[in-house]
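# Summary of the model geometry
Below, each chain spelled out in residue letters.
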Amino acid sequence: MQNYKEEFMEYLQIEKNASPLTVKHYGRDIDEFADFLQSEGFTIHDCDYPVIRVFLSRQHEHGYSRRSVSRKISSLRSFFRFLEREEVLANNPFINVSLPKEDAPIPEFFYSEELEHLFTVSDLDTPLGQRDQALIELLYGTGIRVSECVRVEMGDIAFSLRTVLVHGKGRKERYVPFGQYAGEALETYINSGRKVLSDKRTEATNRVFLNAKGGPLRADGVRLILKRMVQKAALTVDIHPHKLRHSFATHLLNEGADLRAVQELLGHEHLSSTQIYTHVTKDRLRNVYMNAHPRANKR
């Protein structure tokens, strides 16, 4: 099964243009299923619906969430589809296995007042402060993923058009506009702070965002930066990079932006991925009520 897995990994990378993280997750799920088959005395050719049911019951016993189980089923379904295509197996035993239903959680987002605090904590007289300000302005101003943000290069930013070329999932590219605040923060950082940071390293890089030693900033570094900013702002909220992306989409939709336009900005392949942001804040509900109900206000 290990040989089949390696062939499938190559297929994902070369033919499907899957990201390294996606390939990693697929490989982990396949390894777990292979361990299960071995522990139960099965081979890959013994795999049928009853065997899969035993595997899923083991998942339940170990307390895995519905989301995790759904991902594993999807991974294995793709793997066995590949084996069927390569004529290793006559059919795909996962084809009729349904995914566990799960409640779609409402994405966490920042309220505007919370964001205003975050935008004031960076020391703009220092290179790292300028970098941090440009980072949070770009993340919130464009809604791009952290993985996309750390890959932005100098040539990707067009200040005259106020757009950034984003290299998304599956090697897909899209142009995303940014506003005046993000533009000014980026110009300040690139013309001043970034030059100071880049001088600390002999090996040049075209990446826009650099770490304290002058090397390319990584995604885990962004998480630490945002965590420190929240602490400086004395906010009693949890922070994760995707929360800025959630805030970007939520605030656009709450202000009346078209759903399909937001889909394009976020780089979602399916509209259903964007529809999770159609929830509304309490403030939005109150404003709608006060403006629309005939007896909300005395005239």
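Residues numbered from 1 in each chain as written. Predicted model: local features only at pLDDT ≥ 70, side-chain atom pairs only at ≥ 80, totals over all residues. Heavy atoms only, no water.

The interhelical angle for the contact between helix α10 (residues 241-254) and helix α11 (residues 259-266), taken along N-to-C directions, is 160°, at an axis separation of 10 Å. Overall, the two elements α10 and α11 adopt an arrangement that is roughly antiparallel. For the pair α10 and α11, the sense of crossing is right-handed. Where α10 approaches α11, its residues Arg245, Phe248, Ala249, Leu252 and Leu253 are matched on the opposing element by Leu259, Val262, Leu265 and Leu266. Its residues assigned to classes, the contact of α10 with α11 shows 8 nonpolar, no polar and 1 charged. (Axes fitted to C-alpha atoms, helices over the stretch in contact; angles between N-to-C directions. Helix = DSSP H or I, 4+ residues; strand = E, 2+ residues; numbered from the N terminus. Parallel < 35°, antiparallel > 145°, perpendicular 65-115°, else oblique. Left-handed = near helix turned anticlockwise from the far one by under 90°. Contact = heavy atoms within 4.5 Å. Nonpolar A, V, L, I, M, F, W, Y, C, P; charged D, E, K, R; others polar.)

This part is about the sheet that holds strand β1 (residues 157-158). Taken in spatial order, the 3 strands of this open sheet run β1-β2-β3, and their pairing is antiparallel. At either margin of the open sheet sits one strand with a lone partner, and together these are β1 and β3 (173-177). (Pairing = 2+ DSSP bridges.)

This next bit is on the pairing of β3. Residues Arg174 and Val176 point to one face of β3 and are all buried, whereas Glu173, Tyr175 and Pro177, pointing to the other face, are not buried. In this sheet, β3 lies alongside strand β2 (residues 163-167) in antiparallel orientation, the contact comprising 5 bridges. The residue of β3 that forms the bridge with His167 is Glu173. Where β2 folds back onto β3 in an antiparallel hairpin, the turn is made up of 5 residues, including Gly170, whose phi is positive at roughly 60°. (Buried < 20%, exposed > 50% of the residue type's maximum accessible area, 1.4 Å probe, protein only.)

With that settled, the discussion passes to the nonpolar core. Membership of the largest hydrophobic core comes to 45 residues, with the highest contact counts inside it found for Leu118, Leu139 and Phe209. Looking at this core, the element that brings in the most residues is helix α8 (residues 180-198), giving 6 residues. When near neighbours in sequence (up to four residues on either side) are disregarded, Leu139 contacts Ile144, Arg145, Val146, Cys149, Val222, Leu226 and Leu244. Membership of the second largest hydrophobic core comes to 26 residues, among which are Phe8, Phe36, Val69 and Ile73. (Core = buried A, V, L, I, M, F, W, Y, C linked by side-chain atoms within 4.5 Å.)

Under the criterion given, the structure shown has 16 aromatic pairs. When the ring of Phe8 is compared with that of Tyr11, the centres are 6.0 Å apart and the planes differ by 25°; the resulting orientation is stacked. In this pair, Phe8 and Tyr11 both sit in helix α1 (residues 2-14), 3 residues apart, roughly one turn of the helix. Connected via pairs of aromatic rings, a cluster forms that spans Phe8, Tyr11, Tyr26, Phe33, Phe36, Phe55, Phe79, Phe80, Phe82 and Phe94. (Phe/Tyr/Trp six-rings, centres within 6.5 Å; stacked < 30°, edge-to-face > 60°.)

This next bit is on the pattern of salt bridges. Under the criterion given, the structure shown has 13 salt bridges. Residue Asp132 pairs with Arg131 through a salt bridge whose shortest N-O separation is 2.8 Å. Across the pair, Arg131 and Asp132 agree in class, each one buried. Across the pair Glu203 and Arg201 runs a salt bridge, and its minimum N-O distance is 3.8 Å. Given a relative accessible area of 54%, Glu203 falls into the exposed group. Overlapping salt bridges, with partners in common, bring together Glu15, Arg85 and Glu86 in one network. (Salt bridge = Lys/Arg side-chain N within 4 Å of Asp/Glu carboxyl O.)

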